[in-house]
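Here is how the chains run, residue by residue.
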Amino acid sequence: MYNIIKFFLFLFNPEFAHHLAMKSLKIADFLGLLGLISKKNDCKPRSVMGLKFSNPVGLAAGLDKNAEYIDCLSKLGFGFIEVGTVTPRPQPGNPKPRSFRLTKQEGIINRFGFNNDGIDQVIENIRKSKFKGILGVNIGKNYDTPNDKAVDDYLLCFRKSYLIASYITLNVSSPNTKGLRKLQEGKSLDKLLKVIKREQKILYKKYNKYVPFLLKISPDNTNAQLSFMCKLLIKYEIDGVIATNTTLSRSEVVKSKSRNELGGLSGRPLRLGSLKTLKFLKLNLKGKIPIIGVGGVMSGADGKEKIDNGADLIQIYSGLIFKGHRLIDELCRAIK
Ligand SMILES: Cc1cc2nc3c(=O)[nH]c(=O)nc-3n(C[C@H](O)[C@H](O)[C@H](O)COP(=O)(O)O)c2cc1C
């Protein structure tokens, strides 16, 4: 069935196809059709970071940037949903076209640049949803906020989403916001983690609700950079890490026409790069910090590979585009 839907969707450019698919999903939900396709999968629930996940397969950030489709996406069978990346102020993102399908390689290159309606609108949208499962809010900085003020953007989004999120992700790894990845390094990362950890303690005391936060990292870090990150994650007792975001590497897509498009590459060509990062984290975090594995999960076997190599949970984005929602069930069966 999804092959037919995909055939039509792939006739359009990726951004238009995305909006078409999301609107159709909403209509299908309104007509009560999603209940017919969503299966109860037999994956065991998992407790990670003090949260109970109905299954370990989540939706990665970027697909529902403004939290407009949580209710219908949840009916596809995800164990958790991450919305965003959201920034303090609304921003349009980069000029179009900004998303490219590498159909043969089952990859996507995107350079959206955090197009989103801003944290206030996103919080409003979450409030309106009926979803009661695990919801992650992925936060970032506005494109025109200089790096030395970036912490203020994260702090503002962290405070605003604290009571409504099950967990919060600090995205410092998108390649499409100038200088963002520099926040993964040296004093910038130290300051960011220190400030947010301090704020988490304050808010925990104030509201008597502990909301874990995670750092989402890139697959393009050197071992030295990763090693530095691991030390800080342990030092500040960060709740988790998401590995990984998209890659700037084109080594797996040398034959594709679109390989020279600027942006981050995801999907099948990202699998090995992401896996390498995951293995490094597993070894160096010494089991002290949970890992969400994401990048190139296109089959049950890919998901099992992540779990076998140290991921506590997994997320998908490109796999959903190329394989449809049946991938969630396939993953649940492979992982259980
Ligand atoms: C079109 C597109 C937009 C994305 N937007 C975001 C984003 O806003 N924030 C973020 O943290 N990751 C974003 N990502 C990265 C995904 O969350 C994920 O980390 C990455 O695509 C690797 O997973 P995949 O191979 O399953 O797609 C985006 C990915 C794609 C394909």
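Keep in mind that what you see is a predicted model, and the values were worked out from it rather than measured. (Residues numbered from 1 in each chain as written. Predicted model: local features only at pLDDT ≥ 70, side-chain atom pairs only at ≥ 80, totals over all residues. Heavy atoms only, no water.)

A. Local environment of the site of the ligand. Lining the immediate environment of the ligand, one finds 23 residues, of which Ala61, Thr85, Lys216, Gly296 and Ser318 sit closest. Protein burial of the ligand: of its 610 Å² of free accessible surface, 97% is covered by the chains. Only strand S4 (80-86) and strand S11 (264-267) provide two or more residues apiece to the shell around the ligand. Classifying every residue of the shell around the ligand gives seven nonpolar, 14 polar and two charged. (Near = heavy atom within 4 Å. Areas by Shrake-Rupley, 256 points an atom, 1.4 Å probe, with all protein chains shown as cover. Helix = DSSP H or I, 4+ residues; strand = E, 2+ residues; numbered from the N terminus. Nonpolar A, V, L, I, M, F, W, Y, C, P; charged D, E, K, R; others polar.)

B. Here's a closer look at the pattern of salt bridges. Applying the stated criterion across every chain, the model contains 17 salt bridges. A salt bridge links Asp220 to Arg181, with the shortest nitrogen-to-oxygen separation between them at 2.8 Å. Note that Asp220 is positioned in the loop between strand S9 (213-217) and helix H8 (223-235) and Arg181 in the loop between strand S8 (167-171) and helix H7 (186-207), a separation of 39 residues in sequence. Since its relative accessible area comes to 15%, Arg181 is described here as buried. One connected set of salt bridges, linked through shared partners, spans Glu15, Lys96 and Arg98. (Salt bridge = Lys/Arg side-chain N within 4 Å of Asp/Glu carboxyl O. Buried < 20%, exposed > 50% of the residue type's maximum accessible area, 1.4 Å probe, protein only.)

C. Seen up close, the packing of aromatic side chains. Inspection of every chain in the model, using the stated rule, returns nine aromatic pairs. Consider the rings of Tyr204 and Tyr210, whose centres lie 5.4 Å apart with planes at 85°: the pair is edge-to-face. One aromatic cluster is present, formed by Phe158, Tyr162, Tyr207 and Phe213 through successive ring pairs. Over the ring of Phe10 we find Arg101, and its NZ or CZ is 4.2 Å from the ring centre. (Phe/Tyr/Trp six-rings, centres within 6.5 Å; stacked < 30°, edge-to-face > 60°. Lys NZ or Arg CZ within 6 Å of the ring centre and 35° of its normal.)

D. Representation of the environment of Phe78 within the structure. One can find Phe78 in the loop between helix H4 (70-74) and S4. Using a relative accessible area of 6% as the deciding quantity, one classes Phe78 as buried. For the pair Phe78 and Val57, spaced 21 residues apart in sequence, the C-alpha separation works out to 5.7 Å. The contact partners of Phe78, leaving out residues within four places of it in the chain, are Ser54, Asn55, Val57, Gly58, Leu59, Leu73, Ile316, Leu320 and Ile328. (Contact = heavy atoms within 4.5 Å.)

E. Looking closely at the environment of Asn115. Mapped onto the elements of the fold, Asn115 is located in the loop between strand S6 (107-110) and helix H5 (119-128). Residue classification places Asn115 among the buried residues on the basis of a relative accessible area of 16%. Separated by 53 residues in the primary sequence, Asn115 and Gly62 have C-alpha atoms spaced 9.6 Å apart. The residues contacting Asn115, other than those within four sequence positions of it, are Lys65, Gln91, Pro92, Gly93 and Arg98.

F. Representation of the sheet that holds strand S5 (residues 99-102) within the structure. The antiparallel open sheet is built from three strands, whose spatial order is S5-S6-S11. Edge strands, defined here as strands with exactly one partner in the open sheet, are S5 and S11. If you compare each strand with its neighbour and ignore which way they point, the axes differ by 20° on average. Pairing of S6 with S11 involves four bridges; the strand directions are antiparallel. Looking across to S11, one finds that Ile108 is bridged to Ser266. (Pairing = 2+ DSSP bridges. Axes fitted to C-alpha atoms, helices over the stretch in contact; angles between N-to-C directions.)

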